[in-house]
Amino acid sequence: MTRRLRRVIDLRELPDVVFGPRDIMWWGTLGFVLIEGFTLVLCAAVYVYLQQNFSTWPPEHTPLPSLGAPTAQVLVMLASIPVVIWTSKAARRFDLGKVRIGLIVATLFNMAFVGLRAVELLVSLNVKWDMNAYASAQWLILGAHATLLAVELVEVGGMALIFWIAPVEEKHFSDVTDMAFYWLFMTIGWLPLYVLCFLAPRWI
Amino acid sequence: MSETIAPTAAAVPLGPDDADIAELTRTYRSDANGLWAWVTSVDHKSIGKRYVATCFAWFLLAGINAVIMRMQLARPENHIVGPDRYNQLFTVHGTAMMFLFAVPVMTAMALYLVPLMVGTRDVAYPRLNAFGYWVFLIGGLFLFTGLYTNTGPDTGWFAYTPLSGPEYAPGKRVDVWAQVVTFTEIAGLVAAVEMIVTIFKMRAPGMSLNRIPLYVWSILVVSFMIVFAMPSVAMASTMMLAMDRLVATHFFNRAEGGDPLLWQHLFWFFGHPEVYIMFIPGLGFVSAIVETFTGRRIFAYPVMVLSLFITGFVAFGLWVHHMFTTPVPQLGRTLFTAASVLIAIPTGTQIFCWIATIWAGRPRYTTAMLFALGFIVVFTIGGLTGVMIASVPFDLQVHDTYFVVAHFHYVILGGVLFPLFGACYLYFPKITGRLMSETLGKWHFWLVFIGVNVTFFPMHQLGLDGMPRRVYTYLPEMGWGKLNLIATVGAVIIVSGVAVFLWNVLASARAGAIAGANPWGAPGLEWATSSPPPPWNFHPVPVVEGRAPLWEAGEELPVATGLATDKREIVITTALDAIPDSRHEHPGPSHWPLVMAIAIGVTFIGAVWTPWAYVIGFAMSGVAFAGWGWPRGTHPEDQVTDGILPRAEAR
Amino acid sequence: MLQDGLRGALNQSVLEPAGPQAARAARLWWFAFIVATIVYLLTMGALWWAAHRARQRERRGEVAVGPESELRMTRGVTYATAATIVILLVFLVTDLSVGRTLSPVPSKHPLTIELTGHQWWWEASYADTSPHGRFTTANEIHVPVGQPVLFVLQAQDVIHSFWVPNLAGKKDLIPGYRQSMWFQADTAGLYRGQCAEFCGLQHAKMALHVVAEPASQYRQWVSQQRESAATPPDSVASRGREVFLTGQCAMCHSIEGTSAGSHAGPDLTHLASRRTIAAGTLPNTRGALAGWIVDPQRIKPGVRMPPNMLKPQDLDALLTYLQSLK
């Protein structure tokens, strides 16, 4: 059966570069934010569940985590947020010069996150993962979040490279704003986990 | 609704535009030839087909396991396989059927069908889609390579700790299991994100929420369930069980404050929703089949959609009913029992709606329709026994017995396999352009229907007679021999049915009757395009003015024109009302998804032996990531150079 | 009568209850079964009727159902859904009330047995207020008829599950946890149970027997079990004890009153009083015992017990000794 076609809409005038929820890349980012965010929630649930098996937390003969590097990490994360928002706004205006600078600064911030995370794991926690279930749970949360930091470093670093040396197209500016969205999730999402991993053991 | 698709041009008839088609053909052609073109393809139809075929391959291999197990159990104290082999057989059977067949085959069908059903040209992220398939393929190959080299996992498909822990499962068998789970969960999550975005943002203009086909609704619900269920098992297997085994963390080690029950919670928080993730797409298929072959819209559409959502939501409140034999507080048991009983309501309502639809329609008893009816007959038994075992006192008796084996096979074969077979008959002509043989189809249906009942119905009695599951043999004095022999005979009947199906597929693909665009007179957009569809699916893009577009369209099909033909362009619409909002360009063929999948494969397969695999794999993934994302400069007209926007004036 | 328990079909059925726990579960099953059957038949009847009506209409040449039928369909689906809800609620209430009556132990000082799951056998320790009154046995539990028995469940290695279908539902034995459950046997008899949680290679042959006997007989059994092992009655048995204590046996098994005190394997102090060996797998005959000792891997592949290369006369003496451990 062949049908005649009746044209009711012309799509020619629609824009082909859009930002935020109008863009499907934003939705994809949202999807992975949901998945990774829920994974972190589950990590935290594991931590709380295992804590019920101990009368003290951290368990006896287990040192408390140090607060220096972890607190510095949180401050650096908070400091990075205005930079990333500034970059995102520049991207919405297709301001190539500012986006280039913003991406370089963001990459440096992200390197600092990864470096500080290494210090947090190897020094601040004061425990190795195989010491007891407490130590395993600490490494689980910090490690899971560390993969986010590492992947984002690859992404933002790659994006900076693209903006400095590759042929940049308009759609890449939309990608910058999605990167900023993910950045907010990654940094603000860390705050409750910081409280759980580093402050809670001192209170309980 | 009319303002949502306000005509911008006069309703003039459009002929097929040969110049457009010629240009689209050039745009969608791959530069490569033969195998390399296939490897680099990002077309959702090509990937969907290989995905479904791969799932069926795992289904056959896992089915062979089942046949060997049935042979072993056909009589007491049989010696076809010993316990070591038997434990690998049943673990791989369960793992493959769950992680490599029942869930992914439904996803794979959706990856093929959903873009066609919502009237778009591909899924949201075609390269990511290809990546998901390759990861899935690596996972399946890894599992069966393990089995055939005597390194098959042997601690059951839910791998309870401490039996699966470093102390009681030395060797690499359980590590294989843990990483196979990782691979399949990555693939599943990727597909779920694909589906969510495709359904939310890429529906044809005018396909507002209340016009989405029921099958597409079912996929949307399931995709959200995957997003919240799969991280649990992925985390528990990759980051906890594998780490306990590889680097001596203590998540499940009681001696160091870990907890074996934590594994059960994390596993079943995934594992119970998983059951619904499997059969909710089946419910969608049944709706599509019943609608098509009664020639009538499914009765009570809003109720059907609501039922899917309630089922998907409550499914997350049932997991503890797998753990009634462990120390769970009384209140918890009561709540989980109540939820487990009440989840039967929405599914029951859907069955009543289908029956009402059949009553009001003009049913045609094709093979697909028989499978839909067979679904109701078989699945209802599984549902009723499911309500029974929600009861704690009764569950404590039949938990981990053949009664439960019978129950979940009725649910899974009824809820997944029957609708899937039905869908194969329904969509085979769309996918291949040829109809499947109805004669062979009837043989296929009756053999499978009889075989399933002969195999699994006696197992209820075996469970009540005290036969536990996962036993490699039993004593002659137990009196279980006769029923087990009957079950084995049933398994042979199922095998013959599946053989008829395979023969039907192969023979019909070569020489079936030519189908045409819409052989069944079905209402959905997927039937508006040719069979098989061209690589771009639709040109011009269809516009939807009702819930059953092809039944309502009459002589003229409303369309939207204006998408570019010189690039792979799709239209993005608003999430609720599907108003056209922007155009988006899709990428062309790429080998980077495969490279990325290999990097992931090296990471997790290597991690069976050394934690350094994560470092190496991460570096490899970084390279793949760069190759994937690096701009090719294919659109010089779009390039932004210092402060100059090429098309600023147009904005 | 009990000695012949292994001949003919063994009793391991949910539907032949011999105690209050299992009886209630069985009644619940029959209730659920009948309700489910009715619901199923009604649903299938509706399906058949719908298909039949549609065909009838077609034969009469009617095209489609009219708008008044929409109302009928709505009514039909609504009633069916409402009926489903009512039936499920009735089932839920029945189920929860059964569950509540089954939970508490109906006695303040019940007979208490500590049951420990091992790969792949059961260790049962009978608690007593005096240390002398305690004793340990394996794979065969005796209980007095008509009295509630409390089980404290734990595991040494992996998760197992204690299940004697004729008497009660199952409970898991989980390393690091102590769970309890109780049952009561109302009829004297031999009831078989087997591990219900997959626990590795010999999960299939990890069985036990519950011997429910009248109180007097039970007391007799207890006083016998409390005794240390009998001294070998003759020189052959003495030689057998020698083999036991100097060979591999004593590395895993204990016999009260001798120097063999390892608890890696089942306690053999009163081995000869048991009906079966190898965790409910073989009858306790001289031939079966010999086969088991020489090559346990043939009977239960993967079992923890190693093969024993004994000289014929050593084996013979060992068997004589073991059979004297009444």
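Student: I keep staring at the overall build of chain C and nothing clicks. Help me out?
Tutor: Scanning chain C from terminus to terminus reveals seven helices and twelve strands. Taking 326 residues into account, the globule formula puts the C-alpha radius of gyration at 20 Å, and chain C, at 27 Å, lies well above it. With the principal axes as the frame, chain C shows a C-alpha extent of 100 × 45 × 40 Å. Taken over 326 residues, chain C has a buried fraction of 42%. For chain C, the share of sequence-separated contacts (at least 6 apart) that also reach a separation of at least 24 residues comes to 66%.

Student: Any chance you could explain the sheet that holds strand E3 (residues 135–138) of chain C here in plain terms?
Tutor: By definition, the strands of a sheet pair up through backbone hydrogen bonds, in either a parallel or an antiparallel sense. All names here are of chain C. The sheet built from five strands is open, its strands ordered E3-E2-E1-E5-E8 with mixed pairing. The open sheet terminates on both sides in strands that have one partner only, identified here as E3 and strand E8 (179–184). In this sheet, neighbouring strand axes are inclined to one another by 25 degrees on average, regardless of whether the strands run parallel or antiparallel. Summarising the sheet, strand E1 (residues 111–118) and strand E5 (residues 148–155) pair through seven bridges and their orientation is parallel. Looking at E5, one finds that Ile-113 is bridged to Phe-151.

Student: When you look at the sheet that holds strand E4 (residues 140–144) of chain C in this model, what are you seeing that I'm missing?
Tutor: Residue and element names in this part refer to chain C. Spatially, E4-E10-E9 is the arrangement adopted by the three strands of the open sheet, whose pairing is mixed. The outermost strands of the open sheet, each flanked by one partner alone, are E4 and strand E9 (189–194). The average undirected angle you get between the axes of adjacent strands in this sheet is 25 degrees. Across the sheet, helix H3 (residues 215–226) lies against E4 and strand E10 (207–213), angled at about 135 degrees from E4, the strand it touches most.

Student: Explain unusual backbone geometry to me, please; I cannot follow it from the model alone.
Tutor: Trans peptide bonds make up most of the peptide bonds, and negative phi angles are found at most residues other than glycine. All names here are of chain B. That bond from Thr-161 to Pro-162 is cis: its omega, 0 degrees, falls within 30 degrees of zero. Here His-539 and Pro-540 are connected by a cis peptide whose omega angle stands at -5 degrees. Structurally, Pro-540 can be placed in the loop between helix H16 (481–511) and strand E2 (541–542). The phi dihedral of Asp-400 is positive, around 60 degrees, even though this residue is not glycine. Relative to the helices and strands, Asp-400 resides in the loop between helix H13 (392–398) and helix H14 (402–432). In this model, Asn-537 sits at a positive phi of 65 degrees, which is unusual for a non-glycine residue. Relative to the assigned elements, Asn-537 resides in the loop between H16 and E2.

Student: Explain the interface of chain B and chain C here, please?
Tutor: Accessible area lost on assembly of the parts is the figure often given for the size of an interface. The partner chain C presents 68 residues to the 66 residues of chain B that form the contact. Elements that contribute at least two residues to the side of chain B that touches chain C include exactly helix H4 (83–117), helix H8 (260–294), helix H10 (330–342), helix H11 (344–360), helix H12 (367–389) and H13 of chain B. Considering every element that reaches the side of chain B that touches chain C, the biggest residue donor is H11(B), with twelve residues. Looking at the side of chain B that touches chain C residue by residue, the class counts come to 41 nonpolar, 18 polar and seven charged.

Student: I would appreciate a short explanation of the packing of helix H1 (residues 24–51) of chain A against helix H7 (residues 214–247) of chain B in the present structure.
Tutor: When two helices pack together, their arrangement is given by the angle between the helix axes and the distance between those axes. Look at H1(A) against H7(B): their axes get within 9 Å of each other, and the N-to-C directions meet at 50 degrees. In terms of their interaxial angle, H1(A) and H7(B) are classed as oblique. The hand of the H1(A)/H7(B) crossing is right-handed. The segment H1(A) lies against H7(B), with Gly31(A), Leu34(A), Ile35(A), Phe38(A), Thr39(A), Leu42(A) and Cys43(A) engaging Val227(B), Phe228(B), Pro231(B), Ser232(B) and Met235(B). When the residues that make up the contact of H1(A) with H7(B) are grouped by side-chain class, the tally is nine nonpolar, three polar and no charged.

Parameters and conventions
Residues numbered from 1 in each chain as written. Chains lettered and ligands numbered in written order. Predicted model: local features only at pLDDT ≥ 70, side-chain atom pairs only at ≥ 80, totals over all residues. Helix = DSSP H or I, 4+ residues; strand = E, 2+ residues; numbered from the N terminus. Rg over C-alpha atoms; globule rule 2.2 N^0.38 Å. Buried ≥ 20, exposed ≤ 12 C-beta atoms within 10 Å, placed from the backbone. Contact = placed C-beta atoms within 7 Å. Pairing = 2+ DSSP bridges. Axes fitted to C-alpha atoms, helices over the stretch in contact; angles between N-to-C directions. Nonpolar A, V, L, I, M, F, W, Y, C, P; charged D, E, K, R; others polar. Parallel < 35°, antiparallel > 145°, perpendicular 65-115°, else oblique. Left-handed = near helix turned anticlockwise from the far one by under 90°.

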